[in-house]
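# Coordinate inspection notes
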Amino acid sequence: MAELVVGISDLKVSNNPADSMVTYALGSCIAVAVYDPAVKVGGLLHFMLPDSTLDAEKARETPGMFADTGIPLLFKSCYKMGADKKRMVVKVAGGASILDESNFFRIGQKNIMAMRKLFWSNNVLIDAEDTGRNCNRTLKLDLATGKVFVKRSGGPMEEL
Amino acid sequence: MKINKRILKSIRALPPFPVTIQKVMALAGDPDSSLTELAAVIRLDQAITANILRICNSAYFGLRRPVDNVGDAILHMGRKNVLRAVMAAGLSRYFRTARGYDVRAAELWEHAVAVALMSQICAAKLSGADDPRLFTAGVLHDIGKTVMGEFVLEAWQKIQDLVEKQKYAFLEAEEEVLGVNHAELGGEIARIWKFPDEILKAIAFHHRPDLLANGDTVPWIVYLSNQVCHLMGIGVGTDALAYRAVGDVAGRFGFRQRDLEDMMARLHRSMQEARELVSIVSGHGGNGKG
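Report follows, based on the coordinates. Just so it is clear, the model here is predicted, and its values are computed rather than measured. (Residues numbered from 1 in each chain as written. Chains lettered and ligands numbered in written order. Predicted model: local features only at pLDDT ≥ 70, side-chain atom pairs only at ≥ 80, totals over all residues. Heavy atoms only, no water.)

### Notes on the sheet that holds strand β4 (residues 30-36) of chain A
Residue and element names in this part refer to chain A. Convention followed: We call two strands paired when DSSP finds no fewer than two bridges between them. Under the scheme used here, helices are H or I runs from DSSP no shorter than 4 residues and strands are E runs no shorter than 2 residues, and both carry numbers assigned from the N terminus. Between N-to-C directions, angles cover 0 to 180 degrees, with each direction set by a line fitted to C-alpha atoms, over the stretch in contact for helices.
With mixed pairing, the five strands of this open sheet are ordered in space as β2-β5-β4-β6-β7. Each having just a single partner strand, β2 (10-14) and β7 (128-131) make up the two edges of the open sheet. The mean angle between the axes of side-by-side strands here comes to 10 degrees, regardless of whether they run parallel or antiparallel. Here six bridges tie β4 to strand β6 (residues 89-94), and the two strands are oriented antiparallel to one another. Bridge assignment links A31 to a residue of β6, and that residue is A93.

### Thoughts on the interface of chain A and chain B
Applicable threshold: Contacts: residue pairs with any heavy atoms within 4.5 Å of one another. Once two parts are brought into contact, the accessible area they lose, counted with a 1.4 Å probe and summed over both, makes up the buried area. Salt bridges are defined by distance alone: a side-chain nitrogen of Lys or Arg within 4 Å of a carboxyl oxygen of Asp or Glu. We call two N or O atoms a polar contact when they sit within 3.5 Å, provided that within protein one can donate a hydrogen and the other can accept it, with sequence-adjacent residues counted only if both atoms are side-chain atoms.
Chain A puts 38 residues into the contact, and the matching count from chain B is 35 residues. Three residues, L99, F104 and F105 of chain A, lead the burial of chain A against chain B; their summed loss comes to 24% of the area buried on that side. Our count for the chain A to chain B interface comes out at two salt bridges. A salt bridge links E61 of chain A to R269 of chain B, with the nearest nitrogen and oxygen atoms 2.6 Å apart. Taken together, the connections running from chain A to chain B amount to nine residue pairs in polar contact (both at pLDDT 80 or more).

### A look at unusual backbone geometry
Residues and elements named next belong to chain A. The phi angle at S9 is positive, at roughly 65 degrees, despite the residue not being glycine. By the element assignment, S9 lies in the loop between β1 (3-5) and β2. Positive phi is not limited to glycine here, since R133 has a value of about 60 degrees. Mapped onto the fold, R133 is located in the loop between β7 and β8 (137-142).

### Re the sheet that holds β1 of chain A
Residue and element names in this part refer to chain A. As summarised here, the arrangement of the five strands in space is β1-β3-β8-β9-β10, forming an open sheet in which the pairing is mixed. Lying at the two open borders of the sheet, with one neighbouring strand each, are β1 and β10 (157-159). Pairs of neighbouring strands in the sheet enclose a mean axial angle of 25 degrees, with direction left out of account. When strand β9 (residues 148-152) meets β10, the two strands line up antiparallel, connected through three bridges. When the bridges of β10 are listed, K151 appears paired with M157.

### Some points on empty space enclosed by the protein
Residue and element names in this part refer to chain B. For the record, the criterion: Here the term cavity refers to a set of points on a 1 Å grid, laid over the protein atoms alone, in which a 1.4 Å probe fits but cannot get out; the term pocket refers to an open set having protein on both sides within 12 Å along at least five of seven lines, with lining residues being those that place an atom within 4 Å of a point. Grid points are joined across faces, edges and corners, and a volume is the space filled by probe spheres set on the points. Each residue is assigned to one of three groups, with Ala, Val, Leu, Ile, Met, Phe, Trp, Tyr, Cys and Pro labelled nonpolar, Asp, Glu, Lys and Arg labelled charged, and all others, Gly among them, labelled polar.
This model, assessed by the stated rule, comprises two cavities of 30 Å³ or more. Looking at the largest cavity, its volume works out to about 40 Å³. Along its surface, the largest cavity is lined by Y101, V103, L108, H111, D142, K145, H230, G235, V236, G237 and D239. Taken together, the residues of the lining of the largest cavity break down into four nonpolar, four polar and three charged. Approximately 30 Å³ is the volume found for the second largest cavity. K80, L83, R84, Q120, D130, D131, P132 and F135 together form the lining of the second largest cavity.

### Quick word on the side chain of T62 of chain A
By the element assignment, T62 of chain A lies in the loop between α1 (56-61) and α2 (67-80). Leave out the neighbours within four places in its chain, and T62 of chain A touches S9 of chain A together with H268 of chain B.

### So, the pattern of salt bridges
Opposite charge on two side chains permits them to pair, given that their charged atoms come into close proximity. Residues and elements named next belong to chain B. Inspection of the entire model under this criterion finds 24 salt bridges over all chains. K125 is the partner of D262 in a salt bridge, and the nearest nitrogen-oxygen pair spans 2.9 Å. Within this pair, whereas D262 is found in helix α15 (residues 257-273), its partner K125 is found in helix α6 (residues 105-126), the two being separated by 137 residues in sequence. Notably, a salt bridge pairs D161 with K165, separated by 3.3 Å at the nearest N-O pair. Separated by four residues within a single helix, D161 and K165 lie in helix α9 (residues 156-165), roughly one turn from each other.

### Side note on helix α5 (residues 70-91) of chain B
All names here are of chain B. Basically, it comes down to this: Helix span, as expected, comes to 1.5 Å for every residue beyond the first. Note on bend: at a given residue it equals the angle between the axes fitted to the 7 residues ending there and to the 7 starting there.
Over its 22 residues, α5 runs only 18 Å from end to end, short of the ideal 32 Å by more than 12%, given 1.5 Å per residue. Along α5, the helix axis deviates most sharply at G78, where the bend reaches about 115 degrees. At the N-terminal end of α5, a side-chain oxygen is found 3.1 Å from the backbone nitrogen of G71, two or three residues along, and the residue is N69.

### Describing the packing of aromatic side chains
Residue and element names in this part refer to chain B. Using the following cut-off: The aromatic pairing rule takes the rings of Phe, Tyr and Trp, using the six-membered ring of Trp, and pairs them if the centres are within 6.5 Å, calling planes under 30 degrees apart stacked, those over 60 edge-to-face and the rest tilted. For the exposure calls, accessible area comes from a 1.4 Å probe over protein chains only, and a residue counts as buried if that area is under 20% of its type's maximum, exposed if over 50%, partly exposed in between. Should the NZ of a Lys or the CZ of an Arg lie within 6 Å of a ring centre and within 35 degrees of the ring normal, that charge is described as sitting over the ring.
In the structure shown here, the tally under the stated rule is 13 aromatic pairs over all chains. Ring geometry for Y101 versus F170: centroids 5.7 Å apart, planes at 45 degrees, classification tilted. Within this pair, whereas Y101 is found in the loop between α5 and α6, its partner F170 is found in helix α10 (residues 170-178), the two being separated by 69 residues in sequence. Residue class for F170 comes out buried when judged on its relative accessible area of 1%. A centroid spacing of 6.3 Å and a plane angle of 55 degrees characterise the contact between F170 and Y243, whose relative ring orientation is tilted. Here the residue F170 occupies a position in helix α10, and Y243 occupies one in the loop between α13 (218-232) and α14 (249-253), the gap between them amounting to 73 residues. Classification of Y243 by relative accessible area gives buried; the value is 1%. The structure contains a cluster of three or more aromatic residues connected by ring pairs, namely F17, Y94, W193 and F195. A cation over an aromatic ring shows up here: K145 above the ring of Y101, its NZ or CZ 4.8 Å from the ring centre.

As structure tokens, then:
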């Protein structure tokens, strides 16, 4: 079985139940894991920034960098493998912050807001999430079962 | 500052700072020195020579044809980049696992390179001028962790309790339990290595530039770059987000949120181009994190 590593600003999809996907040490970035149990198609996105209007060229080259280009691409890539939006389970983790009273480093919060807005306007419900606070996270998606596991810095791997 | 005697002993036992790098730093900063002199100094160190060629041939420098000797490498890279490459080639040997921070050598090095590159992205945004001190200070900002690691590991439960239960920042917990934080300890190492004062200060105050009275921007740039790399999760350990934002760095630099986001997007590209710099310290650590 293959463990597919999803890097920063990257996304992967698969319909091989022997695979699992993992993305490490999420900080302010967010991991979006989607899974259609009927066809066992799953995908994982690790986006870094909320809004692709920051740099249209980078958004074209690396759509996984931004919430508003990465999330639609993640869903479309799963549809191509036979996934259906109505059946898709969505789980997310990340969007953490440092200890910051000035709020200048609030990129994690902005990522969470951008993602929620996008899901809301597309009638997608988040089934489970572990976001915010000031801890790093690692997220893993098992393609045989669709189970998602999250590990917070220093803690154990736990099902989300 | 009262440093625990065992920690002091550890930093005094570090190998001396490489003579080659000292000479190159002096020559690179002297506009009257010739590139031939520079090449002659570098050639004396085989490990640095090998790494220089590897770095010079990486995508970061975008050469059309590969170079096979130090003289050509210097011509292609230019004075400014030679210093950068020598620092990376010579200093990577000090990066070993920092166990207490739960970070591997390759990750600590990836983080060091990321902060050095981010410092330059930040400086370019500010004024466009490239300050060679930034790369050095960026690469070395966490050098203290390579020594602190084993002491942090010994005192792990105490430090973790302060961070988890009493809302201490990791830096403050280090100070309380070990009498020194990893930034100050890095400053002490820089002192032993006889680094210029401004680089020493940028290392020692990289989490607390607000404590420095003078208006030098180098420590603030390293501070900002480090915070952003911590946020992005690049090569960081369990302490990653347990740090405090201090002072008004946005106001000082006239930065908006969007500037920060732009810096992050730019770093993603820089890190891809600098793969060779990163892979000097081998092992796991090149996976995207954030």
